[in-house]
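Overview (structure and organization)
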Amino acid sequence: MPKPTRRQLAVATALVLATAAAVTVTSTAGASDSAQQARAAIKGGKAKNVILLIGDGMGDSEITLARDYTVGADGRLNMDRFPLTGSYTTYAVHEDGTPDYVTDSAASGSGWATGVKTVNGRISKTPGTDKAVPTLLELAQKKGYATGSVTTAELTDATPAVLASHATDRSCQGPADMAKCPTDTLAAGGPGSIAEQSVNHKVDVLFGGGKKRFDQKVTDGTYQGLTVTEQAQKLGYQVVTDNAGLRGLKPGRPVLGLFAPGNVPVEWTGKPAAVGGTDPQRCTTSNPNRPATTPSLVDSAAKAIQLLEAKQKHSRQGFFLQIEGASIDKQDHAADPCGQIGETAAFDRAVKLARDYAAKHPDTLVITTADHGHTSQIVPLEATPPGLSSTLVTDEGQRLKVNYSTNTPGLSQEHTGVQVRIAAQGPKAYRVLGVTDQTDLFTTISEALRLR
Ligand code: MG
Ligand code: ZN
């Protein structure tokens, strides 16, 4: 770059000062953001890249719990540092289009992936007629963007599934799991299981768990008798299963990383919540059941960005990447506060990675949100909730009581129908302001990448 002239420097300095002043007045959370970032967030324009970070089940309670425990009540997580923040509604619909107030991850993911609300359990298909609706990932591929999906769940679980598959029911994850999707089977002329569809889409980067689904044998069609993993290899995929494999990946071919037989094991452990509460506990920031060779979410996400960027080196279009912290939800269902907080903290490190990337690439739209609220609630120490609860001792040395009472003890705790946070920076980020709906996120990303 040529050296800037004195006049250019003066103009730049004036702009920085003016915007910094505006940011200080309107948003303390944005005060630490660069002026350029705040300007881009309000201005709009085309995004070269979009990084969409989904904390599954990460409602305001889950965010606050992780904040209180790790950085303190007065601290701020990385996800708290976006310049622009709003809320969005997450409800699903019944087959006739009437609202179903509590969504699952399939219907909610379909909402942002396609812009169309659907019934709980469905993957990017319409509620009544069960017809496939084009997804953000499919539209981005058509426009020449590189695409990727990184998750701590099985890659065939609902949140990643909504991007590159269409299924009557979320349970149809592998060729042997097709009971609830009679019209989606290859034998019926359908597109096959979620695993098969995901690799057929030639998504450039697929990192997560669910190796057992991909080890199932294809039952019909071109790849009959092969496993889905072998099908992926025939389609040109490089397949890796651990940290060393991840580190060794080179750009040039699509990549399938299967880092666990099922969901990727969680990072932290502790006592689950119990009826009548637990003794005050500190969380263990490790998990004996997590092999040391398992990549962290942030390491997978970093490699994904590196590979996607390399693929687009000579292109004007960048990439669309979804990163999911999946087990915030799963540990909430299990009423395990330490597991839940550890996964939220791990997700927050991926948020930092995305924001650090965007700081160097301001044409990147970064969005952090959740797919639905969940059960955990911070309650007063003197409360005696009838369901499951646990007392934690936070990093700042205080006691905190968390309550899980959305279902009878012994049953899985439930999602809630609450609105959730959506925060963003970069081109078109202003579209998250106010109270919007999950389906508006489809439009935001479509407009940012000029997909339609
Ligand atoms: Mg999920
Ligand atoms: Zn859930």
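Predicted model, so just to flag it, every value in this text is computed and none were measured.

**Here's the deal with the overall build of the chain**
The number of helices and strands found in the chain is 14 helices and 16 strands. In terms of overall size, the chain behaves like a compact globule, its C-alpha atoms giving a radius of gyration of 22 Å where 452 residues would be expected to give roughly 22 Å. Dimensions along the principal axes, computed over C-alpha positions, put the chain at roughly 70 × 60 × 50 Å. Looking at the 452 residues of the chain, the share that counts as buried comes to 58%. For the chain, the proportion of contacts with a sequence separation of at least 24, taken over those separated by at least 6, is 72%. Summing over all exposed atoms, the chain offers an accessible surface of approximately 18300 Å²; the carbon and sulfur share of this is 54%.

**Describing the pattern of salt bridges**
Where charged atoms of side chains with opposite charge meet at close range, the side chains can pair. Evaluated as defined, the whole model comprises 19 salt bridges. Across the salt bridge formed by arginine 213 and aspartate 177, the nearest N and O atoms sit 2.9 Å from each other. Here arginine 213, found in helix H8 (residues 211-214), pairs with aspartate 177, found in the loop between helix H6 (158-164) and helix H7 (194-200); they are 36 residues apart in sequence, far enough to count as distant. With respect to class, arginine 213 is no different from aspartate 177; both count as buried. Within the structure, one salt-bridge network assembled from shared partners comprises Glu95, Arg122, Lys125, Asp130 and Asp184.

**Thoughts on the pairing of strand S8 (residues 255-258)**
Here S8 shows a buried face lined by Val255 and Gly257 and a second buried face lined by Leu256 and Leu258. By the bridge criterion, four bridges tie strand S6 (residues 205-209) to S8 in an arrangement that is parallel. What sits directly across from glycine 208, in S8, is leucine 258. Across three bridges, strand S7 (residues 238-240) lies against S8 in parallel orientation. In the sheet register, valine 240 faces S8, and the bridge partner there is glycine 257. The β-α-β motif built from S7, the intervening helix H10 (residues 243-248) and the parallel element S8 has right-handed crossover chirality.

**Focus on the confidence of the model for the chain**
The pLDDT averaged across the chain works out to 93; a share of 91% of its residues lies at or above 70. Of all helices and strands in the chain, the one with the weakest mean pLDDT is helix H1 (residues 6-26) (38), whereas strand S10 (residues 319-325) scores best (99). Counted against residues more than four places away or in other chains, residues 1-32, with its pLDDT under 50, gives 16 contacts.

**As for the coordination of the zinc ion (ligand 2)**
Coordination of the zinc ion (ligand 2) by the protein is provided by Asp329 (OD), Asp329 (OD), His333 (NE2) and His415 (NE2), with metal-donor distances spanning 2.0 to 2.6 Å. Taken together, the four donor atoms coordinating the zinc ion (ligand 2) span angles of 55 to 150° at the metal, a pattern that classifies the geometry as irregular. Sequence spacing of the donors to the zinc ion (ligand 2): D-x3-H-x81-H. Of this pair, histidine 333 sits in helix H12 (residues 327-333) while histidine 415 sits in the loop between strand S14 (399-404) and strand S15 (420-425), placing them 82 residues apart in sequence.

**Focus on the coordination of the magnesium ion (ligand 1)**
Protein coordination of the magnesium ion (ligand 1) is provided by Asp56 (OD), Thr159 (OG1) and Glu324 (OE), with donor distances spanning 2.0 to 2.2 Å. Considered as a linear motif, the donors of the magnesium ion (ligand 1) on their single chain read D-x102-T-x164-E. Residue threonine 159 is found in helix H6, and its partner glutamate 324 is found in strand S10; the two are separated by 165 residues along the sequence.

**A word on helix H13 (residues 337-360)**
Helix length check: H13, at 24 residues, gives a terminal C-alpha distance of 35 Å against a target of 34 Å (1.5 Å per residue), a fit within 8%. With 18 of 24 residues buried, H13 lies mostly within the body of the structure.

**A short note on the packing of aromatic side chains**
Applying the stated rule across the entire model yields three aromatic pairs. Measuring from ring centre to ring centre gives 5.7 Å for phenylalanine 207 and phenylalanine 259, while their planes differ by 45°; the resulting arrangement is tilted. Here the residue phenylalanine 207 occupies a position in strand S6, and phenylalanine 259 occupies one in the loop between S8 and strand S9 (274-275), the gap between them amounting to 52 residues. Both residues of the pair, phenylalanine 207 and phenylalanine 259, belong to the buried class.

**Overview of unusual backbone geometry**
You will see that aspartate 130, though not glycine, has its phi angle at about 60°, which is positive. Judged by its relative accessible area of 18%, aspartate 130 falls in the buried class. With a phi close to 55°, alanine 335 is a non-glycine residue in the positive phi region. Accessibility expressed as a relative area gives 1% for alanine 335, which makes it buried.

**Observations regarding the domain arrangement of the chain**
The domains assigned to the chain are domain 1 (1-21 + 33-43) and domain 2 (48-449). Measuring from the centre of the C-alpha atoms in domain 1 to the corresponding centre in domain 2 gives 35 Å.

**Quick word on the nonpolar core**
Residues Phe207 and Phe320 are the most contacted members of the largest nonpolar core, which totals 102 residues. Per element, the largest residue contribution to this core is eight residues, and it comes from H13. Ignoring anything within four residues of it in the chain, the contact list for phenylalanine 320 reads Val50, Leu52, Leu136, Leu137, Ala140, Ala146, Thr147, Gly148, Leu163, Ile445 and Leu449.

What counts as what
Residues numbered from 1 in each chain as written. Chains lettered and ligands numbered in written order. Predicted model: local features only at pLDDT ≥ 70, side-chain atom pairs only at ≥ 80, totals over all residues. Heavy atoms only, no water. Helix = DSSP H or I, 4+ residues; strand = E, 2+ residues; numbered from the N terminus. Rg over C-alpha atoms; globule rule 2.2 N^0.38 Å. Buried < 20%, exposed > 50% of the residue type's maximum accessible area, 1.4 Å probe, protein only. Contact = heavy atoms within 4.5 Å. Areas by Shrake-Rupley, 256 points an atom, 1.4 Å probe, with all protein chains shown as cover. Salt bridge = Lys/Arg side-chain N within 4 Å of Asp/Glu carboxyl O. Pairing = 2+ DSSP bridges. Right-handed = clockwise from strand over helix to strand, strands pointing away. pLDDT = per-residue confidence, 0-100. Donors = N, O, S within 2.8 Å, 3.2 Å for Na, K, Ca; no water. Tetrahedral: all angles 85-135°; square planar, octahedral: opposite > 155°, others 65-115°. Expected span 1.5 Å × (residues − 1). Phe/Tyr/Trp six-rings, centres within 6.5 Å; stacked < 30°, edge-to-face > 60°. Domains from an automatic or database assignment. Core = buried A, V, L, I, M, F, W, Y, C linked by side-chain atoms within 4.5 Å.

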